[in-house]
Amino acid sequence: MRRITTVYSIASFFTLLAAALLFAAPAHAAKAVLDGGTVTLTEGESASFPISGGDSGPADLSARCEIGDVNGTASLTFDGEHYVPLSAPAVGDVLTLSGGDTRSYDLVGVVDASGGGDAYVAFHFTGAPAPMCFPGMPCDGAEGKSGSVTVTCRNAGG
């Protein structure tokens, strides 16, 4: 009979220990918030979206950006400061779109501006890719540059 009591006491001890560890676990990471909006760009312009949160340490960002209203071909470079992407696009990626394309990107990453400076993500409209024309081939069908591109960003779920 004594042995059953000892096993019960050890089981109670481990249950209490597990409960104590559960309450002592670190809280979820802070949440970063993207200041979204819609920007129509012409060649050479940028759409920059500030991010708040992450000033006192890492914060999780979950946002969605859509690029559209392309009437020719366009190349945009993705940029970010104090943003570490955990999803595509990566900082420095060049996104090329053709007429009628609409692309959506789920920006999932970590923002850490605790070292100072402003956190943001941005899209720079760098122009159009050069058409692929080889000597002796007609290039009449090459799609021209897009005059503008529209970028919309918002927090995920909003």
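This text follows the structure it describes.
Fair warning: this is a prediction, and the values are worked out from it, not measured in the lab.

(A) Expanded view of the environment of Tyr105. Within the element layout of this structure, Tyr105 appears in strand β9 (residues 103-111). Tyr105 gets classed as buried once you look at its relative accessible area, which sits at 13%. In this structure the C-alpha to C-alpha distance between Tyr105 and Ala88, which are 17 residues apart in sequence, comes to 7.2 Å. Contacts of Tyr105, omitting those with residues within four sequence positions, involve Ala63, Arg64, Cys65, Ile67, Ala88, Pro89 and Leu95.

(B) Quick look at the side chain of Ser75. By secondary structure assignment, the location of Ser75 is in strand β6 (residues 74-81). Classification of Ser75 by relative accessible area gives buried; the value is 8%. Polar side-chain contacts of Ser75 include one of 3.4 Å to the side chain of Thr96.

(C) Representation of a nonpolar patch on the surface in the model. Residues Val84, Leu86 and Val108 make up a contiguous nonpolar surface patch of roughly 270 Å² in combined accessible area. For Val108, the position within the fold is in strand β9. Residue class for Val108 comes out partly exposed when judged on its relative accessible area of 36%.

(D) Up close: the pattern of salt bridges. Per the stated rule, a full pass over the model turns up two salt bridges. Residues Asp106 and Arg64 are paired through a salt bridge, measuring 2.4 Å at the closest nitrogen-oxygen approach. Linking Asp106 in strand β9 with Arg64 in strand β5 (residues 59-68), this pair joins segments that are 42 residues apart in sequence. A salt bridge links Arg103 to Asp101; the nearest nitrogen and oxygen atoms lie 4.0 Å apart. Exposure remark for Asp101: the relative accessible area of 25% places this residue in the partly exposed category.

(E) Region of interest: the pairing of strand β11 (residues 149-155). Here strand β3 (residues 37-41) pairs with β11 via five bridges, running antiparallel. Paired with Val39 across the strands is Val151, a residue of β11. The pairing of β5 with β11 spans six bridges and is antiparallel. Its bridge partner being in β11, Ile67 is matched across the sheet by Val151.

Rules of the game
- All residue numbers refer to position in the chain's written sequence, counted from 1.
- Selection of residues for local features in this predicted model requires a pLDDT of at least 70, selection of side-chain atom pairs for listing and counting requires 80 or more, and totals for whole chains, interfaces and linings are taken over all residues.
- The basis for every side-chain value is the complete set of non-hydrogen atoms in the structure, without hydrogens or water.
- Secondary structure elements follow DSSP: runs of H or I no shorter than four residues count as helices, runs of E no shorter than two count as strands, and numbering proceeds from the N terminus.
- Burial status follows relative accessibility: with a 1.4 Å probe on protein chains alone, a residue under 20% of its type maximum counts as buried, one over 50% as exposed, and anything between as partly exposed.
- Note on definitions: a residue-residue contact is assigned when non-hydrogen atoms from the two residues lie within 4.5 Å.
- A 3.5 Å cut-off defines polar contacts: any pair of N or O atoms within that distance qualifies, except that in protein one atom must be a possible hydrogen donor and the other a possible acceptor, and neighbouring residues in sequence count only when both atoms are side-chain atoms.
- Patches were defined on residues exceeding 30% relative accessible area and lacking a salt bridge, with like-charge contacts within 9 Å and nonpolar side-chain contacts (Val, Leu, Ile, Met, Phe, Trp, Tyr) within 5 Å.
- Methods summary: accessible areas were calculated by the Shrake-Rupley approach with a probe of 1.4 Å, and residue burial reflects only the protein chains presented.
- By definition here, a salt bridge exists when the distance from a side-chain nitrogen of Lys or Arg to a carboxyl oxygen of Asp or Glu is within 4 Å.
- One requirement defines pairing of two strands: DSSP has to find at least two bridges between them.

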